[in-house]
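Take a look at the letters that make up each chain.
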Amino acid sequence: MRNYYNEIKTVLDADPKYRDRLFCRGYLLTDAELACADAYPFYGMWNRHDFGGYHLYVHPLEKGYTYIDGDDSIAMVGYACNPYTDEIDENAIIKQLLDTYRKDKNAFYDLLDELTGVFVLFLKLGTETIALQDCSSPKGICYGCKDGKVYFSSAPQLSADVMGLTIDPQAEKLLESRGYHYGSGFMPGNLTTFKELKRLGCNTQLRYKDGNFKIERFFPRPETPNVELKTEEERVAQVEEMHRILSNSITMLLKKFKNVGLSLTGGMDSRGELACTAPDYDRVFVFSFCSKPSEKIDADAAAQICAEIGIPHHFYQIPEDETEIEDYDFLQKVIEHSTSYMSKIHPNEKRKFIWLQKHKDFDDELKADVSEIGRAFANRKYHKVNMPRVLAPRHFTIVQGRYFLEPKLMKYCDKAFRSFMDETGLTDDMYGYTMQDLFYWEVKTGSWASTVYTMQCYMQQILMAYNNRNLMRMFLRFPEEERKKDEPHWRLIARGDQRLKDVQLQVKDSYLGKKRMAVETAYYYYATRLNTMGEKRKKTKKS
């Protein structure tokens, strides 16, 4: 299996030009004294914050914050704002979080649910450490121990490079299989490519004490049940609140980040985000790009949408020939290494990231990926197969990979997902939230989107106004049949700017194309006929 560690280290040791592209906007937290702090992969560039016996190393293009009060302390990496209180100062936010946790843990989780942003949190309370994340966990927390020292980081490969780990042979077989890369490109369950490291998923927290890790679920919880909307009056009121939270989140992010782009397509998610910047559209730089022929359809649709509402649209044509991009071969290896080789990154994606990083006219980008959590994608995609309400590990494996004629790999993934489901308590509907919705939120978005986010961070800071747990809860209150038709999104768009809803133009999501869905359905039947591992087990209802 490919690994560019030696080549990348040799080049960066000799030439500092691209040192800031490696593990871009990442972090590493450890209680070990690192001999490599001034060498690969940090090169003395990463900012160090000390708290609670830990050393937090933060990439020079990312921000880290700490607050210490006696024996207790808290650290944040990333950015956050609170659209309920208009607080945009991370130092004030983490102080309030620590103070609240010590007084009332339920109030702490309520406060955490209010926050918009991309961040990880570490609380050191006496001898115990608690790690948590934002709504969808794009920044990532992978964790493990070696020689009595603990390591947390944004990327498995970053920890592995520092800890001196080698890839797990079974994980290597998985990554080299055809079925893995025909799927979504993420490791099953909470596994990484290294035996010594695991990842923390969405809506759960990690406790660490005396060399032991324990995962606990904090969402959904009894205090936050999902109560389905029944009346039109309730729907209108809910959309009003959704618009308030999303538009205020965007306004606050635009105060923190001054030169922001918004990548507009002909789809639903980015149009909703654009609608919530109304009426001051000049606050964002609206653009589209084309790195492969099929993307031109989206770019043309975006241009037409902008023309309809009278705002500028900017277009970037990404070179199709990689030889036209300076240092492409080396930089694409840096991207592969930074993403821990967990996804087969298409050449057009690499060309886009590398070229835009040098040629774009904006500094940071608003992305709407998290919005998909509210669109009932799991049941949309498999609507013809009558997917059961209580999912088995095999259903998780079906989405993760396409292991046709690879039964050993399929069972390996089943085992990993069974462990993950038991460890996180994701074994049934919870407090009105369906297992399908939580699966898409915590597994598909929480795993796959984290790798995508790491890729995107190569070229800029990624701003996620949708990444707010309360906002996702509001989407999920709409009946599933309405979410399948994107009715909550259309309502939100109309609330922001009716003209954007009136534009009779929408590019169909290739993810839901007839040919692809037919293949997915056929594979579903193939995989579940082989073994539906766990589907007939006793149900453990929590609602």
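The following paragraphs examine the structure supplied in this document.

Cut-off values and rules
- Residues numbered from 1 in each chain as written.
- Predicted model: local features only at pLDDT ≥ 70, side-chain atom pairs only at ≥ 80, totals over all residues.
- Heavy atoms only, no water.
- Helix = DSSP H or I, 4+ residues; strand = E, 2+ residues; numbered from the N terminus.
- Buried < 20%, exposed > 50% of the residue type's maximum accessible area, 1.4 Å probe, protein only.
- Lys, Arg positive; Asp, Glu negative; His and termini not counted.
- Salt bridge = Lys/Arg side-chain N within 4 Å of Asp/Glu carboxyl O.
- Polar contact = N/O pair within 3.5 Å; in protein donor to acceptor, adjacent residues only side chain to side chain.
- Contact = heavy atoms within 4.5 Å.
- 1 Å grid on protein atoms, 1.4 Å probe; cavity = no way out; pocket = protein on both sides within 12 Å on 5 of 7 lines; lining within 4 Å.
- Points joined across faces, edges and corners; volume = space filled by probe spheres on them.
- Nonpolar A, V, L, I, M, F, W, Y, C, P; charged D, E, K, R; others polar.

### Description of the side chain of arginine 199
Now for step 1: One can find arginine 199 in strand β10 (residues 198–199).
Now for step 2: For the buried arginine 199, no salt bridge is present, and the opposite-charge side chain at shortest range is glutamate 442, 8.0 Å distant.
Now for step 3: Looking at arginine 199, its side chain comes within polar contact range of the side chain of serine 447, at 2.7 Å.
Now for step 4: The residues contacting arginine 199, other than those within four sequence positions of it, are Ile141, Cys142, Tyr143, Gly189, Asn190, Leu191, Thr192, Phe420, Glu442, Gly446 and Ser447.

### Notes on empty space enclosed by the protein
Now for step 1: According to the stated counting rule, one finds six cavities of 30 Å³ or more in the structure shown.
Now for step 2: Here the largest cavity is characterised by a volume of approximately 270 Å³.
Now for step 3: Pro156, Arg199, Met342, Ser447 and Ser450 are the residues nearest the centre of the largest cavity, which is lined by 24 residues in total.
Now for step 4: Top contributing element to the lining of the largest cavity by residue count: helix α15 (residues 435–457), with five residues.
Now for step 5: One number sums up the size of the second largest cavity: a volume of about 140 Å³.
Now for step 6: Lining the second largest cavity we find 17 residues, and of these Phe23, Cys24, Ser338, Thr454 and Cys457 sit closest to its centre.
Now for step 7: Counting only elements with at least two residues in the lining of the second largest cavity, the list comes to α10 (328–338) and α15.
Now for step 8: Split by residue class, the lining of the second largest cavity holds nine nonpolar, five polar and three charged.

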